[in-house]
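This is what each chain is made of:
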Amino acid sequence: MRAIVSISVIVLVMAAHVLAQTTPALAQADGRDAWGDLLRQAAAKVAPTVVTIETVGGTQSVAKGSAASMPLAKAGFILADGPTTGLVWSADGLILTSQFNFLRDPSVVTVVLADGRRLVGELLARDEVCGLAMLKVDAANLPVPEWRPDDEPIRVGQTVMALGRGFGGPECSLNVGIVSGLNRMSGLAIQTDARLSPGNFGGPLIDIQGRVLGICVSMSLSDEPIAGVEWYDSGIGFAVPRPLLRVSVESLAVGHSLRRGLFGVRLDSRPNMPLHVRQVADPSPAMRGGMQAGDRILAVGGRPVKSYLDLKRAIRARRAGEWVDVRVRRDGHDVDLRLMLAVSEDIGPLSGEPESQPGFAESVPP
């Protein structure tokens, strides 16, 4: 009797395994696609708030043949006139999108709502740290998306979708993936392997309940305007989460652009070398804060830095106008400095350099 029971259990387990393997195929054959239906339902929930953004005119912001344009050229892309994607932020006409399509300062911006209405868009401001741009259209009572609550943690490995309207057609494009990392790019972004490209930059990254997790953007540790172009459709993409979006929107909605914060120094950026200050610009945050040539940078914002890359990560998320604490070693003693970061236009030439020398970022190659 026991032998019969054991054989029966084995048969049931094998049958269950076969059924599990064949169910998707059977569902497809019957016209049923439960997983696909779930994804489509989630996308349909958000789709009324996803818009197409078309841009016309403007100037090419990256000179042909320049070092900055090389990654773009290798990838086979040019700075095009759109279209791309945006997401309704507020019912009174604020549209949040990626700054990528506004690098050319387009002369005409058109926003096509999900219901087909075409409206003139006004570019209010940009956040170059998070790669965002804010538009305004003359409309009211626009549908707004549901956002995943802040107290519901985003989990690595959870299913997500990137929606876009920059590829044409009446329906949103939908790229499925997972959350592959959190707090990436110095804490600025969610990382996903859902394929991203200029057509869905500015669109939402959503969960399978149709709730928005963040805005898809082009992003990397590079300071170039086209940063992130090297990762198009590579399985490495980024989205700015809602808590950081709220911080940006407070400024963007009133027309105040957010710029990267700079020190105004030249460093020895050779690999595995201590971060010695070679030159200090005059004027600059570094000079006003008391930094001197020969100082060795030990920490920024309480975060130890041992390399040039450490430094870039430490200030990647900081904007002009922010105060930052810097610890340096000078003549064998640790010295604490406090600097207010500035934009490049407010940074003068490096000491000993010609007056025509442009302002520098937090560091430049030697």
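Residues numbered from 1 in each chain as written. Predicted model: local features only at pLDDT ≥ 70, side-chain atom pairs only at ≥ 80, totals over all residues. Heavy atoms only, no water.

Asks: Just checking my understanding: could you explain the pairing of strand S18 (residues 323-330) for this structure?
Replies: Two faces belong to every sheet, and in a regular strand the side chains alternate between them. Because side chains alternate across S18, one face comprises the buried residues Val324, Val326, Val328 and Arg330, and the other comprises Trp323, Asp325, Arg327 and Arg329, none of which is buried. Pairing between strand S16 (residues 296-300) and S18: four bridges, direction antiparallel. Counterpart to Ile297 in the pairing with S18 is Val328. Counted between consecutive antiparallel strands, the loop separating S18 from strand S19 (residues 333-340) contains two residues, among which Asp331 sits at a positive phi close to 55°. (Buried < 20%, exposed > 50% of the residue type's maximum accessible area, 1.4 Å probe, protein only. Helix = DSSP H or I, 4+ residues; strand = E, 2+ residues; numbered from the N terminus. Pairing = 2+ DSSP bridges.)

Asks: Just to check I follow, could you spell out the pattern of salt bridges for this structure?
Replies: In a structure, side chains of opposite charge can pair up when their charged atoms sit close to one another. Evaluated as defined, the whole model comprises 19 salt bridges. With a shortest N-O distance of 3.5 Å, Arg259 and Glu128 are connected by a salt bridge. In this pair, Arg259 sits in the loop between helix H5 (242-252) and strand S14 (265-267) while Glu128 sits in the loop between strand S6 (122-127) and strand S7 (132-136), placing the two residues 131 residues apart along the sequence. Taking relative accessible area as the criterion, Glu128 reaches 24% and is therefore assigned partly exposed. With its nearest N and O atoms 3.0 Å apart, the salt bridge here joins Glu345 to Arg259. Here Glu345 is found in the segment after S19, whereas its partner Arg259 is found in the loop between H5 and S14, with 86 residues between them in sequence. You can call Glu345 exposed: its relative accessible area is 55%. (Salt bridge = Lys/Arg side-chain N within 4 Å of Asp/Glu carboxyl O.)

Asks: Mind showing me how you'd approach the pairing of strand S1 (residues 50-56) here?
Replies: With respect to burial, S1 is a largely interior element, five of its seven residues being buried. In this sheet, strand S2 (residues 84-88) lies alongside S1 in antiparallel orientation, the contact comprising four bridges. Bridge pairing links Val50 to Leu87 in S2. Examined bridge by bridge, S1 and strand S4 (residues 108-112) share five bridges and lie antiparallel to one another. Residue Val56 lies in a different strand from S4, and its bridge partner there is Val108.

Asks: Whenever I open this one, the confidence of the model for the protein confuses me. Can you help?
Replies: Low pLDDT marks regions whose predicted coordinates should not be analysed in detail. Put simply, the protein has an average pLDDT of 82, and 76% of its residues get 70 or more. Mean pLDDT in the protein bottoms out at helix H1 (residues 2-29), which sits at 43, and peaks at strand S11 (residues 204-207), which reaches 98. A low-confidence stretch, residues 1-27 stays under pLDDT 50, and its non-local contacts, those more than four residues away or across chains, total two contacts. Counted against residues more than four places away or in other chains, residues 61-77, with its pLDDT under 50, gives 20 contacts. (pLDDT = per-residue confidence, 0-100. Contact = heavy atoms within 4.5 Å.)

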